[in-house]
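Here is how the chains run, residue by residue.
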Amino acid sequence: MKKLYTSLLLIFVSFGFFLSGCDNSGYTSPNEQKVLLISIDGFMNEYLDRNETPNLDYIIANGVKAEYLEPVFPTKTFPNHWSQVTGLKVENHGIISNSFPDDSLGGRFSYGPPEDSPNDERWWGGEPIWVTAETQGKTAATMFWPGSEASINGVRPTRWVDYDGSLDNYARVDSVITWLDSAGNTDADFATLYFSHVDSRGHRYGPNSPEVDEAVVEADNLIGYLLEQMEEKGLTGLLNVLIVSDHGMAELSEDKIIFLDELIDLDDVSVIDWNPVAMLQPAEGRKEAVYNTLKENEENYRVFYRDEMPEKYGFSGHYRIPEIIMIADVSYSITSRSFFEDRGIIAGTHGYDHTTPEMATIFYASGPDIKQGETVPAFSVLDLYGLMAKILKIEPAPNDGDINSVMGVLR
Ligand code: AMP
Ligand code: ZN
Ligand code: ZN
């Protein structure tokens, strides 16, 4: 009996295989399609053109490239990654920088070793795509993403790991491939993958350095390895690969320094974040005096009251945003005399106005749902959430993205 059952099963399975084998369009049934969202942190839009990147070029030739991807303000890692997966403006999700205080939560949000990582869901406003997916019957798996270690609305990705920057990049790819493998235990519909080495080299050596170019080539090799592994596991016709980054990188200069303590008395403010966006909470009764002084000396930076921030920044409506915001012009650093004398400055940074060309970043994608060989106009990181929900055929939570801006990406 058992033998008969096994033979029937085999016939059934082979028939299924035959059916899908006959479909040489590479297009599988719509419900099976998967999304892999990859972030190569700090990948400036212009890095592609000045490097040999055969694997990224292959993705683009067989898929879509956006002229650029526009980050949100401030162009820092945590606000941007969280906007990418929630579709929310920073003022609507509250991750206002990589590190900031919230007295109502009795502490400071900051990243670091796992024991410091802000796993408490009260820091994170909005619903990330993996929660939208999990609550609608899909399976999500994250190989690092800011926010993926926290449970949100009590939900976590089926697979997730505490951030470990020392984990080998190829091992990250291996795990994600195992999770996405349709024949594996997880059979994830959605996964993330994150690499930080391009950003780290950009900070250390500057965006125009040979070290950054090497890092870009390493990232391209990783994508090549991913494509090989996808082919081996039969994922090529099933998986939509979206490659993004969170911001670009700007070269800094010792001649372009704004010394905050030479402009104002630091006792008049609490500096929530320094560089290149100084977020200042004025002491009781000092708001106008601080603002007026900064305004009178407004050179190589712009200063705003929180409540007068131009709309484009999406950076006024959250209680965590302090009352005065000072944005350095690209390549300028905001620091104090003593900090500068002790530590100098690094070679590159980001955080500046999100509409500057230096902060522009990338979107490359290919897969069964993605058009082939097209360049689409620039769009915002806010639009990625809706795009991913569309591909996964799940109902998106309310968000600030515009799905019409990204429909050109889809077949
Ligand atoms: P930034 O300081 O804005 O350049 O951010 C880049 C750095 O953020 C990386 O080099 C990592 O050290 C850190 N990072 C990225 N993702 C995570 C995460 N999920 N948890 C903790 N730290 C992270
Ligand atoms: Zn970053
Ligand atoms: Zn960085």
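Residues numbered from 1 in each chain as written. Chains lettered and ligands numbered in written order. Predicted model: local features only at pLDDT ≥ 70, side-chain atom pairs only at ≥ 80, totals over all residues. Heavy atoms only, no water.

Now for helix α10 (residues 287-296). Three or more residues of α10 are buried, namely V290, Y291 and L294. For α10, the angular spread of the buried residues around the axis is 95°, confining them to a single face. Summarising the contacts, the buried residues of α10 are in contact with α9 (260-263), β12 (269-273), β13 (277-282), β14 (301-305) and β15 (324-328). (Buried < 20%, exposed > 50% of the residue type's maximum accessible area, 1.4 Å probe, protein only. Helix = DSSP H or I, 4+ residues; strand = E, 2+ residues; numbered from the N terminus. Arc of directions from axis to C-beta. Contact = heavy atoms within 4.5 Å.)

In ideal tetrahedral geometry, four donors around a metal make angles of 109.5 degrees, whereas ideal octahedral geometry with six donors gives angles of 90 or 180 degrees. In this structure, D41 (OD), D41 (OD), T77 (OG1), D246 (OD) and H247 (NE2) serve as the protein donors to the zinc ion (ligand 2), at separations of 2.0 to 2.7 Å. The sequence pattern formed by the donor residues of the zinc ion (ligand 2) is D-x35-T-x168-D-H. Here the zinc ion (ligand 2) and the zinc ion (ligand 3) are spaced 4.1 Å apart. Here H247 lies in the loop between β9 (239-244) and β10 (250-251) and D41 lies in the loop between β1 (34-40) and α2 (54-61), a separation of 206 residues in the sequence. (Donors = N, O, S within 2.8 Å, 3.2 Å for Na, K, Ca; no water.)

What follows deals with the packing of α2 against helix α8 (residues 210-232). Two elements in contact, α2 and α8, have axes whose closest approach is 7 Å; the angle formed by their N-to-C orientations is 60°. As summarised for this structure, α2 and α8 are arranged oblique, according to the angle between their axes. Residues P54, N55, L56, Y58 and I59 of α2 touch α8, and the partners they reach there are D220, N221, I223, G224 and L227. Of the residues that constitute the contact of α2 with α8, the class distribution is six nonpolar, three polar and one charged. (Axes fitted to C-alpha atoms, helices over the stretch in contact; angles between N-to-C directions. Parallel < 35°, antiparallel > 145°, perpendicular 65-115°, else oblique. Nonpolar A, V, L, I, M, F, W, Y, C, P; charged D, E, K, R; others polar.)

A word on the confidence of the model for the protein chain. For the protein chain, the average pLDDT comes to 92, and 91% of its residues sit at 70 or higher. Confidence drops under pLDDT 50 across residues 1-30; counting only partners more than four residues distant or on other chains, this segment forms 10 contacts. (pLDDT = per-residue confidence, 0-100.)

What follows deals with the coordination of the zinc ion (ligand 3). For the zinc ion (ligand 3), the full set of protein donor atoms is D199 (OD), D199 (OD), H203 (NE2) and H350 (NE2), and the range of their distances to it is 2.0 to 2.4 Å. Written as a sequence motif, the donor residues of the zinc ion (ligand 3) are D-x3-H-x146-H.

It is worth spelling out the sheet that holds strand β19 (residues 374-376) at this point. Read from one edge to the other, the open sheet built from eight strands follows the order β7-β6-β8-β1-β9-β18-β2-β19, with strand pairing classed as mixed. One side of each edge strand has no neighbouring strand; the edge strands of this open sheet are β7 (159-160) and β19. One ladder, built from two bridges, connects strand β6 (residues 140-143) with β7; its direction is parallel. Across the sheet, the residue bridging to T142 is W160, located in β7. (Pairing = 2+ DSSP bridges.)

With respect to spatial proximity, 14 residues lie near ligand 1, and among them T77, N98, Y111, D199 and H203 are the closest. For ligand 1, a nitrogen atom lies 3.4 Å from a polar atom in the side chain of E149. Listed by contribution, the elements that provide at least two residues to the shell around ligand 1 are α3 (77-86) and α7 (197-205). (Near = heavy atom within 4 Å. Polar contact = N/O pair within 3.5 Å; in protein donor to acceptor, adjacent residues only side chain to side chain.)

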